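Below are the chains, spelled out letter by letter.
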Amino acid sequence: MESRLSPQEKGRRLRQQPMGWRRGLDAASPPGSSIVGMSSSGAPATACDPGPRGRRQSWAELLAGRVKRQKLDAGREQQLQESAVHLLMRHLNLDDLVLEVEGTPRKELCLSQLSGQDSPEACTLLPSSLLGSALRDQASRLGVPVAVLSSRTVAASLVQVCEVDGEPSPRVLLTAEQRGKLSPLLTITQYLLAQSLLSRGSLCQELWKVQNSLLLEAVWHLHLQNIVSLQELLESQDNMQAVVAWLFRDLRFLCEQIEASCQHADIARVMLSDFVQMFVLRGFQKPLDLRGNGEPDRMPQVATALLQKMLLFALEALAAGLQEGSPAHRVVKCWFGVLGELTLCSAVPTDSPKRFFSHTLTQVLTHRPVLKVSDAIQMQREWSFAKTHPLLTGLYRRLLVILSPEELVGRLQEVLETHVVNWQHVLACVSTLVVCSPEAQPLVTDWVARLLACAFESYSLDSMATAFLVVRQAALEGPSAFLSYADWFQASFGSARSYHGCSRKALAFLFQFLSDLVPVEAPRYLQVHILHPPLVPGKCRRLLTDYVSIENMGLYEDLSSAKDIREPHSQALQDVKKAIVVFEHTGKIPATWSVCILLNLGLVWQRGRSCWLLTRAPRFLSQLPAVPDARAAFIESLRRADKIPPSLYSTYHQACSAAEEKQPESAAAGTKEELGSAEEPLGLLTAALGELRAMMTDPTQHNALSTQMAVISERLSSTLGLCEGDGVLAAEQKVVDLLLTSFCQNLMVASSFTPPDRQGPWAARFVMATCGRTLLPSMLTRLCQLLRHQGPSLRASHVLGLAALAVHLGECRSALPEAHLGCCAPAWGLSIPEFLNSLLTCVTKESSLFCLRFCTAAISYSLCKFSQSHDILCSSLSPGLIKKFQFIVLRLFSEARDPLCWEDTAGLPWGPLCLPAVDWKQAALCLWKHSTFWELLTERELHLTYRDWLQLELEIQPEVDSLSDTERWDFHQWAIYEHFLPKHCAAGGCGGDLETACTVLVEALMDFCQSSKSYNRSEDSDFVLGGYTGNRDIFSRLQEMAADLQQGPAVAQGCAPSRGHCLVRALRRRLQAQTSGWDVATSLQRQQELLVYKRILLCLPPSLLLGGPQAELPTAHSCDEFFHLVTSELRNVCSHGGTLSHDITLHFFRGLLNVCSQSRDPSLTANATLTACQTKCPLILTSALLWWPRLEPEIRWRWERYTPSPLPRGLQQLQEAQHVLSPDTLPPTPGPAWVSAVALHHEIQRAGRASISRELKQLDCQGEEARGEPCLCSLLLPLFFFSLLGLLSSHLTPHVVDSRKVLNICAEILGCLQEKKICWLGLFQLTETDANLGYVLLRLAPDQYIRLLPFAFYSLLPYFNEDTPIREDAFLRVAVNMYLKLVRLFVAGETSADDPVGLIAKARLFLLQSIPRCPKNSFSDMAELLATSGDDDPEVHTALLRRLQATSDTDLYKEPCLF
């Protein structure tokens, strides 16, 4: 539009232009130009500089002279105006123009006088329009868009506004003068935007170019005036890190100036509040809202990153320690303060602040998580509310404003479960929560309760530690905020319903956790644990006493260390030395000692560690490792059992290494002295061995080897013969080390010249000469140390030498004396090859690799040495060693599992083994593929059978296995299903029979669990059978095979059904093979076997108890095997006075319901099985009655899940028997009376009553009203029998049952029987031939209880009626029989009474008084008793015999009745 103006119009506008135009012209004029600008009034300005030619002329004088010289016409005037306009346009400065146009107070900008417009709008709008025209002309001339030119102009003007000399740098706020300049600039910029002369995008780009020259307040004003929002500005920059860094820097300066009370602090606070609100809203809005508005997602990222960076700065400053008044302190204080204002701001209606503060809390809790739980336990007292930095507690209080206590506790719990936390911040937050929010106390209490429940449910140490830390932190704030730690501890663990009361494992878990706390525990907490210990049952009191001992020791150590006395150190050192002595003789660490030893070991290490530094003299290359020090073996055992902290072990190891480095010279000197300047006999032996080694290098001297062996034997005898007393053992150790070293050196020298089969008999002669009667035990003991404990550290030359020595020891075993090795040997009664094989283990990765090396060397050497003599070859190697080699090769090398391609062209790998760099894998595979090795395996006893493989695989510890979990699973699948299962039985396989594979696996598992190998390691292992260590994956394979068997084909109709599962039959065969007897050793062994097998059954499918799949309805025969197991075995092990444990009972009913679900008639199946239980296995029903309150919910749920029909009659009887005392409930279906008696007995036990006379009367009344006949009579006999069992249980386990209450109940029942004249004596004469009730009762009571019935009989002696011996003919016989058995029990030591002698005396006196009173009918069956009673009690025997003779004499003198 500007280009279409006429020259006259352009001239008119030129005269109206402000000074910016003229400045541009003046600035462009060359030096010496006479053109000057106009004054503000429009008058001509005079020259102030006369110039080089004299006085400068004014503008009017110049024009006047020009008019005189030229005639001005119309054309000339137009030309002049166009030239002037062109000159001005070329020298235009738009930046100054914008600043002058916006300066409304200037007089030249108000052009109303020239234009005739008097309105204020015209006064402002006219300069803006002129600026627009100028921008268009300049853009047209430069060939750029007007929006781009406008953006550059505005950005440059902003820079000029923000730049002020003399102000401190850096700055973020404008001065008052700058704000005055900025206001009209913003106005003109808004005009340019309204006229589409300015682009926000272009302006953003230009602003980023001058970013470092802009002040944050100027950007804020642009945002407020809606010229360029901060979001648009941030979105236009691709470098998000640069944006965050710029804002982070300026916000810090802004916070610092606010807290410094600057002149414009109010404006700065408003700015900061606006920025924080916008960042929170944009950074934490819902993603759904973000997509709905169509906004890009860069702004949320920038906002989140900026808020994160500010928070991290604050947290880092707090961690570094803030000084009051420091710049960092002012920034953090201001930032946390503005966050608090955000919580009170009503202009933020969305949920963004809540999400922001939740995120902030997470960041605070997880910032720099460098502290461990043990550190937190020690330091948490310093993190209370009063000791925490006020800025941090202030932040937590602000969080409590917007987050409710429930939300805060929930967030705390979530963060602790999913993140690694900063315990200082977490516990400080807990303190703030309980102090500032009174309603938070029950929330924290509930949270801690959930943590404890989770801890004891999954045995989680993390949950346990968190609960204790939270409670202790809350308790630090005093009783007004939270209950004391003592009250909480007593409430949580001081009652029978506490978390630890569910099982012994839970109790052990609690004490293990508390014991682990002792080293870092504060004395006040130790005192709480001692004064308010957890409630434990009597049978677990040992755990409590051990823990209290540890607590007392820890408390004593804390108190004594404060007084700086030395007694604790001395006592701790003595304890550790005592533990080492026990460990050296037994090789084990008692479980009750482990924590005490660890604490004392730590105390000894902290107070004086010089006695523990194991410095070793450097060994020559050819020498064997030193004898393992007892201290080193002890510490290594603790480390392997995870009983010693890694930090303590690392410190110990580093100190040992440092001590060795400090003594290299002295150690070397000591070694030289040992080898060169030894005693004369040992020196002579050393010289003789050196000569033997020299002969090995000279082939011409081989014939002299026999002579040299004789010299060595003579000098060996001389060396050992001179030693006496205590020096014998030390001398033997030196000699053994010298001989072993010499043998290894000689073998390597000989093998470097000739193979083993051409070396002659020197090795065998060396063994015969050196391993005589005196040295063989020491030699085998040293081999035990080297192979079992130091194997992985042996060099290749040592492995080869010791392997060859083992071969020759086996070769010469018939000529060697028998050796008694003592406690160092892992097994007794073994031949030398078997003993050496027992030293090789495959438990860990290191031991497996060493075993592979040793087996490869031994087998290769023997095959090379005795290739022509098969008998010597087989006798020199243990079959177990060859099987271990097969096991390890198949396990470690997958290529060995492929079909074999024999190789015999390369020769046996003995030669490559003697090279300096040995490739053991290549050597093992070469031996594996060699035809000679497979010819050796033709011997049947050398095959690796399925059972051998299981025994070796069970020893593997998965956590230190060389195979990963996936590789181990693949290997098991291959070994079982591809290798051993299809393999013929004669070759060590299973012949394709899965039942055989499953049975062998179970037997191997039980053998392993009862062997010493399963107890040699950590007691904290989580092996599925509990208490054992081993390869848990093998048990998983058993579960898989058992599931396959359950899915197998059903027995066809007409075929004989199975009498039980193969696993149950396997156990029965094992038990039948064992010796029977009631001695302690046999009983314990049988009990251990049954407990292991019960654990196995509980981990297998429950349907297994009822046999295999059946095509027809399951019959009683399918359960015969399990019924026999329960009746004959579990009855004596798992029962407690006539009941099985809950786990096996529930497992049976689960299996029963599973079978019912697969049956055509579930009710008929259940009834048939439970009916069979009444006669064949009543123990199942009595156990179900005891556990019915816990069994019924699951049984009912499973039944309703399988079928909509009601519970079957058998289960209804069990349910209704629970209400035998209810006056409104009578059993609708008839059942055995003993079932109701059992239910009544269990109800009496659960109620803990001391008298049941009221119940007996109630039962009598119920029976008479319901049936017209007594109901009590049918219940009394079985109820009396079960009460007798309860009486015996009370004496066998006095800490569980009160014997006085049980005795009183038995007396009341006995009185009721005597009152109703019911014969009860038969209960004490139960036999296998009894029918009905007697047969059932005999199968309910354990054999031990049946044997102890005499004790129960005479315990009731005071409650017998006086006329009972006279009225009951059988009483005397029963009383005498019980007395004789009681005496025999006392002689055998099986009586459980507190005063057995007193009880026997009372029984004897009772018999002697009763025998004369009894009628003659009582002596009719006394002959058998008289025949056996003479040795037990002669006086009673005499009284019986005399009374019997008197009765016979009376019959002789009695007149016969003839009529």
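**What to know about the overall build of the protein chain**
Move 1: From N to C terminus, the protein chain includes 70 helices and zero strands.
Move 2: For the protein chain, buried positions account for 48% of its 1459 residues.
Move 3: Considering only contacts within the protein chain whose residues lie at least 6 apart along the sequence, 75% involve residues at least 24 apart.
Move 4: Surface summary for the protein chain: the accessible area is close to 68,900 Å², and the carbon and sulfur share equals 53%.

**Some thoughts on the nonpolar core**
Move 1: Counting 243 residues, the largest nonpolar core has Tyr-946, Trp-1320, Phe-1353 and Tyr-1354 as the members making the most contacts within it.
Move 2: With residues near it in sequence (within four places) discarded, Tyr-1354 still touches Ala-1375, Val-1376, Met-1378, Tyr-1379, Leu-1382, Leu-1399, Ala-1403, Phe-1406 and Leu-1407.
Move 3: Ranked by size, the runner-up nonpolar core spans 142 residues in total, among them Leu-174, Leu-207, Cys-334 and Phe-456.

**Some remarks on the packing of helix 18 (residues 352-365) against helix 22 (residues 423-436)**
For any two helices packed against each other, one specifies the inter-axial angle together with the distance between the axes.
Move 1: Remark: helix 18 packs on helix 22, axes separated minimally by 7 Å, with the N-to-C direction vectors making an angle of 130°. Classified by the angle their axes make, helix 18 and helix 22 are oblique. Contacts between helix 18 and helix 22 pair Leu-361, Val-364 and Leu-365 from the former with His-425, Val-426 and Cys-429 from the latter.
Move 2: Split into classes, the residues belonging to the contact of helix 18 with helix 22 amount to five nonpolar, one polar and no charged.

**A look at helix 43 (residues 879-892)**
Move 1: The terminal C-alpha atoms of helix 43, which comprises 14 residues, lie 20 Å apart, in line with the 20 Å expected from a rise of 1.5 Å per residue.
Move 2: Most of helix 43 sits out of view: twelve of its 14 residues are buried.
Move 3: Every buried residue of helix 43 is accounted for by Gly-880, Leu-881, Ile-882, Lys-883, Lys-884, Phe-885, Gln-886, Phe-887, Ile-888, Val-889, Leu-890 and Arg-891.
Move 4: Against helix 40 (832-838), helix 41 (845-865), helix 45 (920-929), helix 46 (931-936), helix 47 (946-954) and helix 48 (965-980) lie the buried residues of helix 43.

**Examining a nonpolar patch on the surface**
Move 1: Together, Phe-1386, Val-1387 and Val-1397 give the surface a local cluster of nonpolar side chains, amounting to about 290 Å² of exposed area.
Move 2: Topologically, Phe-1386 is positioned in helix 67 (residues 1371-1388).

**Looking at the side chain of Thr-432**
Move 1: Looking at where Thr-432 falls in the secondary structure, it is placed in helix 22.
Move 2: Of note is the side chain of Thr-432, whose polar atom sits 2.9 Å from the backbone oxygen of Ala-428.
Move 3: Not counting residues up to four positions away in its chain, the partners in contact with Thr-432 are Phe-385, Thr-393, Tyr-396, Arg-397, Leu-400 and Ser-437.

**Let's talk about the pattern of salt bridges**
Move 1: The tally for this structure, following the rule as stated, stands at 34 salt bridges.
Move 2: The salt bridge involving Glu-206 is made with Arg-152; its shortest N-O contact spans 3.7 Å. Within this pair, whereas Glu-206 is found in helix 10 (residues 200-209), its partner Arg-152 is found in helix 8 (residues 146-162), the two being separated by 54 residues in sequence.
Move 3: Here Glu-206 falls in the buried class, since its relative accessible area comes to 12%.

**Structural notes on the side chain of Glu-477**
Move 1: Relative to the elements of secondary structure, Glu-477 occurs in the loop between helix 24 (461-476) and helix 25 (485-493).
Move 2: The side chain of Glu-477 sits in the buried core without any salt bridge; Arg-381 is the nearest counter-charge, 9.5 Å away.
Move 3: Setting aside its immediate chain neighbours within four residues, Glu-477 contacts Ser-384, Phe-385, Ser-431, Val-434 and Val-435.

**Considering the confidence of the model for the protein chain**
Move 1: Here the protein chain averages 76 in pLDDT, while 72% of its residues score no lower than 70.
Move 2: Ignoring residues within four places in sequence, the model shows residues 10-54, a span with pLDDT below 50, making 59 contacts including any to other chains.
Move 3: In the model, residues 1266-1270 has pLDDT below 50 throughout and makes five contacts with residues more than four positions away in sequence or in other chains.

**Here we look at the state of the cysteines**
Move 1: This structure, assessed with the given rule, holds zero disulfides.
Move 2: Left unpaired, Cys-771 is separated from the closest cysteine sulfur, that of Cys-812, by 8.6 Å.
Move 3: The class for Cys-771 is buried, based on a relative accessible area of 1%.
Move 4: With no disulfide of its own, Cys-1119 lies 6.9 Å from the sulfur of Cys-1173, the closest cysteine sulfur.

**Thoughts on the packing of aromatic side chains**
Move 1: Tallying each qualifying case throughout the model produces 46 aromatic pairs.
Move 2: With a centroid separation of 6.0 Å and 80° between ring planes, the pair formed by Trp-1320 and Phe-1324 is classed as edge-to-face.
Move 3: Trp-1320 gets classed as buried once you look at its relative accessible area, which sits at 4%.
Move 4: The exposure class assigned to Phe-1324 is buried, which follows from its relative accessible area of 4%.
Move 5: An aromatic cluster of three or more residues is present, and its members are Phe-456, Tyr-459, Phe-468, Tyr-485, Trp-488, Phe-489, Phe-493, Phe-509, Phe-513 and Tyr-525.
Move 6: Looking at Arg-252, its charged tip hangs above the ring of Phe-313, at a distance of 5.4 Å from the centre.
Move 7: Between Arg-897 and the ring centre of Trp-974, over which it is positioned, the NZ or CZ distance is 5.8 Å.

**Notes on unusual backbone geometry**
Residues other than glycine predominantly adopt negative phi, and peptide bonds predominantly adopt the trans conformation.
Move 1: Although it is not a glycine, Ser-196 sits at a positive phi angle of roughly 60°.
Move 2: Of note, Ser-196 is situated in the loop between helix 9 (176-194) and helix 10.
Move 3: Despite not being glycine, Tyr-459 shows a phi value in the positive range, around 50°.
Move 4: Positionally, Tyr-459 belongs in the loop between helix 23 (440-458) and helix 24.

**Details of the packing of helix 48 against helix 50 (residues 1032-1046)**
Move 1: Look at helix 48 against helix 50: their axes get within 11 Å of each other, and the N-to-C directions meet at 50°. Here helix 48 is positioned oblique relative to helix 50, judged by the angle of their axes. Judged by the sense of rotation from one axis to the other, the crossing of helix 48 with helix 50 is right-handed. Only Asp-1033, Ile-1034, Arg-1037, Glu-1040, Met-1041 and Asp-1044 of helix 50 make contact with helix 48, whose side of the interface consists of Arg-968, Trp-969, His-972, Gln-973, Ile-976 and Tyr-977.
Move 2: Among the residues making up the contact of helix 48 with helix 50, the classes are represented as five nonpolar, two polar and five charged.

**Points about the environment of Ala-465**
Move 1: Considering the arrangement of structural elements, one finds Ala-465 in helix 24.
Move 2: Judged by relative accessible area, Ala-465 falls into the buried class, the value being 9%.
Move 3: Separated by ten residues in sequence, Ala-465 and Ala-455 have C-alpha atoms that sit 9.0 Å apart.
Move 4: Residue contacts for Ala-465: discarding those within four places in its chain leaves Val-373 and Phe-513.

**Some remarks on helix 55 (residues 1162-1176)**
Side chains of residues three or four places apart in an α-helix project in the same direction, reflecting 3.6 residues per turn.
Move 1: Here helix 55 is 15 residues long and its end C-alpha atoms lie 21 Å apart, about the 21 Å a rise of 1.5 Å per residue gives.
Move 2: Inspection of helix 55 places Pro-1162, Thr-1165, Ala-1166, Asn-1167, Thr-1169, Leu-1170, Ala-1172, Cys-1173 and Gln-1174 among the buried residues, and these make up the whole buried set.

Here is what the cut-offs are and how they apply
- Residues numbered from 1 in each chain as written.
- Predicted model: local features only at pLDDT ≥ 70, side-chain atom pairs only at ≥ 80, totals over all residues.
- Heavy atoms only, no water.
- Helix = DSSP H or I, 4+ residues; strand = E, 2+ residues; numbered from the N terminus.
- Buried < 20%, exposed > 50% of the residue type's maximum accessible area, 1.4 Å probe, protein only.
- Contact = heavy atoms within 4.5 Å.
- Areas by Shrake-Rupley, 256 points an atom, 1.4 Å probe, with all protein chains shown as cover.
- Core = buried A, V, L, I, M, F, W, Y, C linked by side-chain atoms within 4.5 Å.
- Axes fitted to C-alpha atoms, helices over the stretch in contact; angles between N-to-C directions.
- Parallel < 35°, antiparallel > 145°, perpendicular 65-115°, else oblique.
- Nonpolar A, V, L, I, M, F, W, Y, C, P; charged D, E, K, R; others polar.
- Expected span 1.5 Å × (residues − 1).
- Patch = residues over 30% accessible without salt bridge, like charges linked within 9 Å, V, L, I, M, F, W, Y side chains within 5 Å.
- Salt bridge = Lys/Arg side-chain N within 4 Å of Asp/Glu carboxyl O.
- Polar contact = N/O pair within 3.5 Å; in protein donor to acceptor, adjacent residues only side chain to side chain.
- Lys, Arg positive; Asp, Glu negative; His and termini not counted.
- pLDDT = per-residue confidence, 0-100.
- Disulfide = S-S within 2.5 Å.
- Phe/Tyr/Trp six-rings, centres within 6.5 Å; stacked < 30°, edge-to-face > 60°.
- Lys NZ or Arg CZ within 6 Å of the ring centre and 35° of its normal.
- Left-handed = near helix turned anticlockwise from the far one by under 90°.

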